[in-house]
Structure formats: C-alpha cells, structure tokens
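Each chain is listed here by its residues.
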Amino acid sequence: MNGGLNGVLLAIDAGNSKTDVAVLSQGGNVLGSARGGGFQPPVVGVETAVDGLMEIVGRAWEEAGGAGLSPGFAHVAACLANADLPVEELNLEKALYARNLSRSVRVHNDTFAILRAGVDEPRGVAVVCGAGINCVGMTPDGRTARFPAIGKISGDWGGGGGLADEALWCAARAEDGRGLPTALAHALPAHFGLDSMSALIEALHLGRIPMGRRLELTPVLFRVASQGDPMAESLVDRLADEVVAMAAVALRRLGLDREEAPVLLGGSVLAARHPRLEARIRELLAARAPKAVIGFVTAPPVLGAGLLALDAVAAGAEAAARLRERYEG
C-alpha cells in the first residue's frame, strides 16, 4: 500500500450468492468498495474461493486509490459464508494471512455481520433465515454464542430450503394418500405450471426443473398458510419454534436472558415479516425471554463487517456513526 493510505481497514461480507468489500478509514469513511460473486469454499475449495475474494478486494483497493496489494491493512474483518466451525474459520484466516493483506485478520461467520449491522454495540443475538438458518450472539467483552448450522446432523431445521423440502414432502404424501390432505398438493405444482405432485416430482428428479428452484416454493408455502391450510400453518409455526429456540439458547449462554437485549431477525424469510410467523415468534420469545427486544435488520451486512473492523481498532462511536450513515442514510 502507498503511504497515503496506511492504516486503512478492510471489511468483507461474503455470502453464498454475493460478496461485498469495503476499504475504510479508521474514521469510518468508505474509501473504496466492490461487489462480486458468492463465496463457496465447499464447492470450489478454500484456495480458489479466497482467490476470488482477492479479485474483489483488488477492485475495492483500486477504487480507494491504492496500487497493488501489499501488507498494510490495519485490520481485516472478513464475515464469510461457510465458516460454520472454528476450524473452518481458522483455515480461512490462514488463507487470508497467506495473501499478506494484514498482520491482523479475523474471520467471522457471515451471520455476525448481520448481527453487528443491527446493533450500536457488539451485544445481542441475531437469527438469520434465508436459504438456511443460523443464529449467533455476542457481547462487548468478546464472548460469542453460535451453532454449527450445517444441517440436520447439527440439529438444524428450517430455512427457505428446509421449508420447501418439508412442503414437498407433505404435498407428495397428501396426493398419494400416505399423509393428511393439504392445499400444498395443488399449489406447489401449480407454481411451475404443472397439474400434480407426481408431475412435479418427476420434473425435479429428471432435472427438467432445477432442484435449486425449489426455493421458489417457500413463498408459496406462506401464501397457503395465510389461507388457513392446517398443514402449511404447522410448518410456519414450527419455523417460529426453531427461531425462538435458537434465540433463547443464545441469550442464555451469554447471560443476556436476564436483561434487556436485542434479538435481531434477518434473511429473506424473516425480513418478509409474514404475519403468522412474526406473531408466533413474538409470543414465544416473550414467554422464554421476556426482556428481549425484537428488531429486523435491513442494512447491508457489509456494514456489520465494517463495524467489526472499527471495533477491532477501537475507532470509537463517531467513526461507527459515520459508517452507519454511509450505508443507512
């Protein structure tokens, strides 16, 4: 880095579908930014995935006025998808250190970016429900609470993908008689212009409809639930149960269940604020953690990564407010 930009910070928010990078001054000003594709080390490998990050970082650095990438960032806060276990965070930190970006690098699961974006200090719990589901918590003294969030083998249920799979399961059994009747048996295939679950199952199995498109069925599930279908309602209610279970456990682990503390909800499923889902979450959380204060995160997660970078260098409230104004104002 050239001398005029010494001491700047690097914030990375890398999700499964997109990556945002920001170069920041320690005063909270955004000097350069760039966006790129998703971060998927399980698919392409850690080294290839990190190489992809470096291309995006390079563009942000060039916009900030830098030339080339050499040691010099005062701190790198990288909030990365698929950093679900401590060993995965460690491996990703090693890969970033090997790129000589900084002598101070911290990798967080990307859910921490959403949590930090929604609070004025690093204190509280966030539950994120998009394609998957995850929950993290943090306190100003550095303690954290989290779950592996790697699927059913780690006890997870829910997320947009999980809801879609459950809806398909219920609809298939309703059509062939193994399960209870549900309007999902008509609504799910109708979404793809088909007239039966048998036709939808065949189309998914043979690849005529890509399996990734099953995520389109989650809004269909919520629509059917809003029309009073008992089976669809039960799936929505179960998701609320899971959200509250995760939040309540995280609050308790951090000792935040005994005091007023934020519980932030984010991700496409929760941000849609489906009335039945939100009402049940509020009811159940009030019973398990009466002092919890529910909020919804709409700010871009890269803000949270930037705030974590500012926290790491003790930049102070004025710098944090300046950065927040950049992304929220």
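Above this text you will find the structure in question.
Source: prediction; values computed, not measured.

Asks: I tried to follow the overall build of the chain on my own but got confused; where do I start?
Replies: Within the chain, the secondary structure is distributed over 13 helices and ten strands. Taking 329 residues into account, the globule formula puts the C-alpha radius of gyration at 20 Å, and the chain, at 21 Å, falls close to it. C-alpha atoms of the chain, sized along the principal axes, occupy 70 × 50 × 35 Å. Buried residues in the chain amount to 52% of all 329 residues. At a minimum sequence separation of 6, the contacts of the chain that also span at least 24 residues come to 66%.

Asks: Would you mind showing me how to read the sheet that holds strand β3 (residues 30-37) here?
Replies: A sheet is described by the order of its strands in space; here five strands give the open sequence β3-β2-β1-β4-β5, paired in mixed fashion. Since the sheet does not close on itself, it has two edges, and those belong to β3 and β5 (105-109), each with one partner. Averaged over all pairs of adjacent strands, the angle between their axes in this sheet comes to 10°, without regard to strand direction. One ladder, built from six bridges, connects strand β1 (residues 9-14) with strand β4 (residues 75-80); its direction is parallel. Counterpart to Leu10 in the pairing with β4 is Val76. Sheet contacts for helix α3 (residues 86-97): β4 and β5; angle to β5, the most-contacted strand, approximately 145°. Lying over the sheet, helix α13 (residues 317-328) contacts β2 (18-24) and β3, oriented at roughly 50° with respect to β3.

Asks: Please explain the nonpolar core as it appears in this structure.
Replies: One recurring pattern in soluble globular proteins: nonpolar side chains tend to sit buried together. Within the largest apolar cluster, 57 residues are counted, with the highest numbers of intra-cluster contacts made by Leu184, Leu188, Leu239, Leu277 and Ile281. Looking at this core element by element, the count peaks at 13 residues for helix α9 (residues 230-253). In this view, Leu277 contacts Phe222, Val236, Leu239, Ala240, Val269 and Leu270; residues no more than four positions away in its chain are not counted. Of all hydrophobic cores here, the second largest spans 30 residues; its members include Phe112, Val297, Ala299 and Ala319.

Asks: Just to check I follow, could you spell out the environment of Val107 for this structure?
Replies: Summarising the element assignment, Val107 is placed in strand β5. Given the relative accessible area of 0%, Val107 is considered buried. C-alpha separation for the pair Val107 and Cys79, spaced 28 residues apart in sequence, amounts to 5.8 Å. Ignoring any residue separated from it by four or fewer positions in sequence, one finds Val107 in contact with Ala78, Leu80, Ala83, Glu89, Leu92, Glu93 and Leu96.

Asks: Explanation requested: the sheet that holds strand β7 (residues 133-138) in the structure shown.
Replies: Strand pairing within a sheet occurs via backbone hydrogen bonds; the two strands may be parallel or antiparallel. Sheet architecture is open: five strands sit in the order β8-β7-β6-β9-β10, paired in mixed fashion. Where the open sheet ends on each side, the last strands, each with one partner, are β8 (144-146) and β10 (292-296). The average angle at which neighbouring strand axes cross in this sheet is 15°, direction not considered. Bridge count between β7 and β8: three bridges; the pairing is antiparallel. Bridging from a neighbouring strand, Met138 pairs with Thr144 of β8. In this fold helix α11 (residues 275-288) packs onto β9 (261-266) and β10, with an angle of close to 160° to the strand it touches most, β10.

Asks: Looking at this structure, I do not really get the packing of aromatic side chains. What am I missing?
Replies: Centre distance and the angle of the planes are the two values used to describe a pair of aromatic rings. Using the criterion set out here, one finds one aromatic pair in the structure. With a centroid separation of 5.7 Å and an interplanar angle of 70°, the aromatic rings of Trp61 and Phe73 are classed as edge-to-face. Here the residue Trp61 occupies a position in helix α2 (residues 46-63), and Phe73 occupies one in the loop between α2 and β4, the gap between them amounting to twelve residues. The burial state of Trp61 is the same as that of Phe73; both residues are buried.

Rules behind the numbers
Residues numbered from 1 in each chain as written. Predicted model: local features only at pLDDT ≥ 70, side-chain atom pairs only at ≥ 80, totals over all residues. Heavy atoms only, no water. Helix = DSSP H or I, 4+ residues; strand = E, 2+ residues; numbered from the N terminus. Rg over C-alpha atoms; globule rule 2.2 N^0.38 Å. Buried < 20%, exposed > 50% of the residue type's maximum accessible area, 1.4 Å probe, protein only. Contact = heavy atoms within 4.5 Å. Pairing = 2+ DSSP bridges. Axes fitted to C-alpha atoms, helices over the stretch in contact; angles between N-to-C directions. Core = buried A, V, L, I, M, F, W, Y, C linked by side-chain atoms within 4.5 Å. Phe/Tyr/Trp six-rings, centres within 6.5 Å; stacked < 30°, edge-to-face > 60°.

Take it as geometry only, folks, not as evidence of what the structure does.
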